[in-house]
Amino acid sequence: MAGISRVHQQLIDAARKRRQPGQALVAMSHAHLHGAAVSEASERPIVIGGEESISAGLFAADIAYVALGHLHRAQQVGEARIRYSGSPLPLDFSEVNYPHQVVEAVLEGETLATTEAIPVPRPVAMQRVGPGELDAVLAELEGLPHAPALPREQWPWLEVRVTLTAPVPDLRARVETALEGKAVRLLRLERRLPQQAADGRPERVDLQQLGPRKLFQLTWEKQWGEPPATTY
């Protein structure tokens, strides 16, 4: 990360030398800044412990605007001039309620005058059902509206999240049966199975959201009684 920060500083210094009077400095960076919020499920940190993020302090006050990419959630980081516009379209069902947008930044001379978030229309709606017990989820699915007079490609995408106490081999078939004639397209079926917690109570774990690195860490700790070394 020291190297990445050094490259940022070198580029900013080079821009300052080429800058003409009255020109605004604008920085663009594909980076994870300290304090920025990560998407619930569509993003995973590359390095454990947040050490993959850099400081917003790299972008000094003489930089009028910092346009950031990498994180999906639209947000400013500390100041209005430093912000992620976010992904223009949802990349995962966890982003259903994100304010997807593009950002218009207006510069006047060397300074930032205004910013405006312009919402991006969503061509296809997205729905989530659950998490909940199987019977409750099936009942909610059966209560969805029947197919309207719309082309199938305009029907909403659907994510179904089911909390199970044991594997259900025909789960997908039961979900699809409940959806017969409904105006939705099943895109993702998430199963949540119990895992024994340290205090003996069952704990729900979603392997898809857990990720391979965290799964490896938990398995190592269970086998050897200590976390794995951070040099692997």
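Caption draft 1: Fine view of the environment of Val168. Following the sequence through the fold, Val168 ends up in the loop between strand S8 (157-163) and helix H3 (171-178). Here the alpha-carbon distance between Val168 and Arg191, two residues 23 residues apart in the chain, equals 9.4 Å.

Caption draft 2: Inspection of the packing of aromatic side chains at higher detail. Taken as a whole and judged by the stated rule, the model has one aromatic pair. A centroid spacing of 5.7 Å and a plane angle of 45 degrees characterise the contact between Phe216 and Trp220, whose relative ring orientation is tilted. Of this pair, Phe216 and Trp220 are both found in helix H4 (residues 207-224), four residues apart, which corresponds to roughly one turn of the helix. Above the plane of the ring of Trp157 lies Arg185, whose end atom (NZ or CZ) is 3.9 Å from the centre.

Caption draft 3: Molecular detail of the pairing of strand S5 (residues 101-108). Alignment of S5 against strand S6 (residues 111-119), held across eight bridges, turns out to be antiparallel. Residue pairing across strands places Gln101 opposite Pro119, the latter belonging to S6. Taking the residues between adjacent antiparallel strands as the criterion, S5 and S6 are bridged by two residues, where Gly109 takes a positive phi near 65 degrees.

Caption draft 4: Here's a closer look at the sheet that holds strand S3 (residues 75-77). Ordered in space as S1-S2-S4-S3, the four strands form an open sheet in which the pairing is mixed. Every interior strand has two partners, whereas the edge strands, strand S1 (25-30) and S3, have only one. Sheet twist, expressed as the average angle between the axes of neighbouring strands with direction ignored, equals 35 degrees. The pairing of S3 with strand S4 (residues 79-84) spans three bridges and is antiparallel. Following the sheet pairing, Gln75 is matched in S4 by Tyr84.

Caption draft 5: Layout of the pattern of salt bridges. Summed over all chains, the structure comprises ten salt bridges. With a shortest N-O distance of 3.0 Å, Asp13 and Arg16 are connected by a salt bridge. Residue Asp13 and its partner Arg16 are located together in helix H1 (residues 2-18), separated by three residues, close to a single helical turn. Residues Arg172 and Glu176 are paired through a salt bridge, measuring 3.1 Å at the closest nitrogen-oxygen approach. One end of the pair is Arg172 and the other is Glu176, both in helix H3 and four residues apart, which spans about a single turn. Given the relative accessible area of 40%, Glu176 is considered partly exposed. The network of salt bridges with common partners includes Arg128, Glu159, Arg161, Arg188, Glu190 and Arg192.

Caption draft 6: Molecular detail of the environment of Ala61. Looking at where Ala61 falls in the secondary structure, it is placed in the loop between S1 and strand S2 (63-69). Between the alpha carbons of Ala61 and Arg81 there is a distance of 9.2 Å; along the sequence they are 20 residues apart.

Caption draft 7: Spotlight on unusual backbone geometry. Note the cis peptide between Gly130 and Pro131, where omega equals 5 degrees. For Pro131, the location among the structural elements is in strand S7 (residues 126-133). Phi is positive for His70, close to 115 degrees, though the residue is something other than glycine.

What counts, and where the lines are drawn
- Residues numbered from 1 in each chain as written.
- Predicted model: local features only at pLDDT ≥ 70, side-chain atom pairs only at ≥ 80, totals over all residues.
- Heavy atoms only, no water.
- Helix = DSSP H or I, 4+ residues; strand = E, 2+ residues; numbered from the N terminus.
- Phe/Tyr/Trp six-rings, centres within 6.5 Å; stacked < 30°, edge-to-face > 60°.
- Lys NZ or Arg CZ within 6 Å of the ring centre and 35° of its normal.
- Pairing = 2+ DSSP bridges.
- Axes fitted to C-alpha atoms, helices over the stretch in contact; angles between N-to-C directions.
- Salt bridge = Lys/Arg side-chain N within 4 Å of Asp/Glu carboxyl O.
- Buried < 20%, exposed > 50% of the residue type's maximum accessible area, 1.4 Å probe, protein only.

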